[in-house]
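Residue-level listing of the chains:
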Amino acid sequence: MTSQSPMPEQSPHPKPRILAIVGSLRRQSLNRQMAEYVVAQLSDRADAEILNWRDVPLFNQDDERPTPAAVTRVREQVAKSDALWIFAPEYNHGVPGPLKNLIDWLSRPLDDGSPAVIIGKTATVSGVGGSSCARYSHGALLPTFDFLQMHIVPAAFTSMSFTRTMFTTSTLNLDEANKASLENQATALLADLEKQAQNL
Ligand SMILES: Cc1cc2nc3c(=O)[nH]c(=O)nc-3n(C[C@H](O)[C@H](O)[C@H](O)COP(=O)(O)O)c2cc1C
């Protein structure tokens with residue numbers, strides 16, 4: 001009987017790392033609740049977490065170097081993620097200022113001259129807004145993403161408006177259509193990342 005060499009140990013297929021960015025800093029944010037729902041839904045299929053960026057300062061070119069510690073931290077988290085899932089509300093038919101401020105920090109080259117961490121990043125967008133369902137905000141993100149050469153997952157963004165009850169209770173209530181839309185986005189995002197991994 002010939003002795004068989006042991007099978008080489010297979011390293012487990014790494015789960016994709018998805019970083020959720022919530023574009024509202026308020027404590028009872030409906031967008032944060034949507035992000036929490038998605039992170040829970042992804043738990044078996046991805047390493048998903050919500051970025052804490054509330055200490056990122058207002059962008060000012062005078063304060064870029066040395067890079068503020070909070071900015072370094074969020075840049076590192078974005079750099080090690082495979083994709084961003086942005087949960088954006090809408091302010092005055094546009095992108096909330098704090099979220100745009102964060103993107104601007106992420107768009108700048110690093111101290112060592114290496115490219116900005118957001119360049120080329122895969123992303124998708126969802127969100128809760130008022131009567132326009134945050135669609136102006138989501139639409140306004142697109143030229144910025146295009147300029148930053150980001151790859152937008154080919155799936156419809158989930159955009160919903162809060163109901164009166166959600167407004168008064170500050171509790172997100174996703175209906176079946178919203179849940180199906182978020183699942184469609186999740187499936188498309190994971191398939192996209194899998195395709196990228198195969199082509200490496
Ligand atoms: C300053 C401000 C401007 C807003 N403008 C819009 C708007 O133009 N369109 C819209 O659909 N909702 C608008 N809203 C409603 C927010 O999108 C909505 O309250 C959303 O739930 C806020 O997100 P959050 O719950 O995650 O904080 C506005 C809210 C604020 C505070």
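Structure report, in brief.

The rules behind these values
Residues numbered from 1 in each chain as written. Predicted model: local features only at pLDDT ≥ 70, side-chain atom pairs only at ≥ 80, totals over all residues. Heavy atoms only, no water. Core = buried A, V, L, I, M, F, W, Y, C linked by side-chain atoms within 4.5 Å. Buried < 20%, exposed > 50% of the residue type's maximum accessible area, 1.4 Å probe, protein only. Contact = heavy atoms within 4.5 Å. Salt bridge = Lys/Arg side-chain N within 4 Å of Asp/Glu carboxyl O. Helix = DSSP H or I, 4+ residues; strand = E, 2+ residues; numbered from the N terminus. Near = heavy atom within 4 Å. Polar contact = N/O pair within 3.5 Å; in protein donor to acceptor, adjacent residues only side chain to side chain. Areas by Shrake-Rupley, 256 points an atom, 1.4 Å probe, with all protein chains shown as cover. Nonpolar A, V, L, I, M, F, W, Y, C, P; charged D, E, K, R; others polar. Axes fitted to C-alpha atoms, helices over the stretch in contact; angles between N-to-C directions. Parallel < 35°, antiparallel > 145°, perpendicular 65-115°, else oblique. Left-handed = near helix turned anticlockwise from the far one by under 90°. Expected span 1.5 Å × (residues − 1). Pairing = 2+ DSSP bridges.

As a further point, take the nonpolar core. Grouped together as the largest cluster of nonpolar side chains are 26 residues, with contacts concentrated most on Ile-18, Met-34, Leu-42, Trp-85 and Leu-172. Aside from chain neighbours lying at most four places away, what touches Ile-18 is Leu-42, Ala-46, Asp-47, Ala-48, Glu-49, Ala-83, Trp-85, Leu-189, Leu-190 and Leu-193. Counting 25 residues, the second largest nonpolar core, distinct from the first, contains Leu-19, Trp-53, Leu-102 and Leu-141.

Quick look at the pattern of salt bridges now. For side chains of opposite charge, pairing can occur when their charged atoms come near one another. Tallying each qualifying case throughout the model produces eight salt bridges. The residue Asp-55 makes a salt bridge to Arg-73 at a minimum N-O spacing of 3.1 Å. With Asp-55 in the loop between strand E2 (47-50) and helix H2 (69-79) and Arg-73 in helix H2, this pair connects stretches of sequence that are 18 residues apart. We note a salt bridge from Arg-65 to Asp-111, for which the minimum N-O separation is 3.0 Å. Of the two residues, Arg-65 sits in the loop between E2 and H2 while Asp-111 sits in the loop between helix H3 (97-106) and strand E4 (122-129), which places them 46 residues apart along the sequence. Look at Arg-65 and you get partly exposed, because its relative accessible area is 43%. Among the residues examined, Asp-111 registers a relative accessible area of 49% and is labelled partly exposed.

With respect to spatial proximity, 16 residues lie near the ligand, and among them Ser-24, Arg-26, Ser-29, Asn-31 and Gly-130 are the closest. Here an oxygen atom of the ligand sits 2.9 Å away from a polar atom, N or O, in the main chain of Leu-30. Contact between the ligand and Asn-92: a nitrogen atom at 2.8 Å from a main-chain N or O atom of the residue. The fraction of the free accessible surface of the ligand (620 Å²) that becomes covered by protein chains is 74%. Those elements giving two or more residues to the shell around the ligand turn out to be helix H1 (30-42) and E4. Of the residues that constitute the shell around the ligand, the class distribution is five nonpolar, nine polar and two charged.

Here we take up the environment of Pro-115. Secondary-structure assignment places Pro-115 in the loop between H3 and E4. When sequence neighbours within four positions are dropped, the list of residues in contact with Pro-115 reads Pro-109 and Leu-110.

With that out of the way, let us pick up the packing of H1 against helix H6 (residues 176-198). Close contact between H1 and H6 brings their axes to 11 Å; oriented N to C, the two are set at 55°. Comparing their axes, H6 and H1 come out oblique. Between H1 and H6 lies a crossing whose hand is right-handed. Facing H1, whose interface residues are Met-34, Tyr-37, Val-38 and Leu-42, H6 presents Lys-179, Leu-182, Ala-186 and Leu-190. Within the contact of H1 with H6, the residues separate by chemical class into seven nonpolar, no polar and one charged.

For H1, built from 13 residues, the straight-helix expectation of 18 Å at 1.5 Å per residue is met to within 8% by its first-to-last C-alpha distance of 18 Å. Those residues of H1 that sit buried are Leu-30, Asn-31, Gln-33, Met-34, Ala-35, Val-38, Val-39 and Leu-42. Where H1 begins, the capping side chain belongs to Ser-29, and its oxygen is found 3.2 Å from the backbone nitrogen of Asn-31.

Here four bridges tie strand E1 (residues 17-22) to E2, and the two strands are oriented parallel to one another. Looking across to E2, one finds that Ala-20 is bridged to Ile-50.

Next up on the list: the environment of Thr-158. Its place among the elements puts Thr-158 in strand E6 (residues 158-161). Its relative accessible area of 2% is what places Thr-158 among the buried residues. Separated by 25 residues in the primary sequence, Thr-158 and Glu-183 have C-alpha atoms spaced 9.6 Å apart. With residues up to four places along the chain from it excluded, the contact list for Thr-158 reads Met-34, Val-125, Ser-126, Gly-127, His-138, Asn-178, Ser-181, Leu-182 and Gln-185. Polar contacts involving the side chain of Thr-158 include one to the side chain of Ser-181, which spans 2.7 Å. Among the polar contacts listed, one links the side chain of Thr-158 to the backbone nitrogen of Leu-182, at a separation of 3.5 Å.

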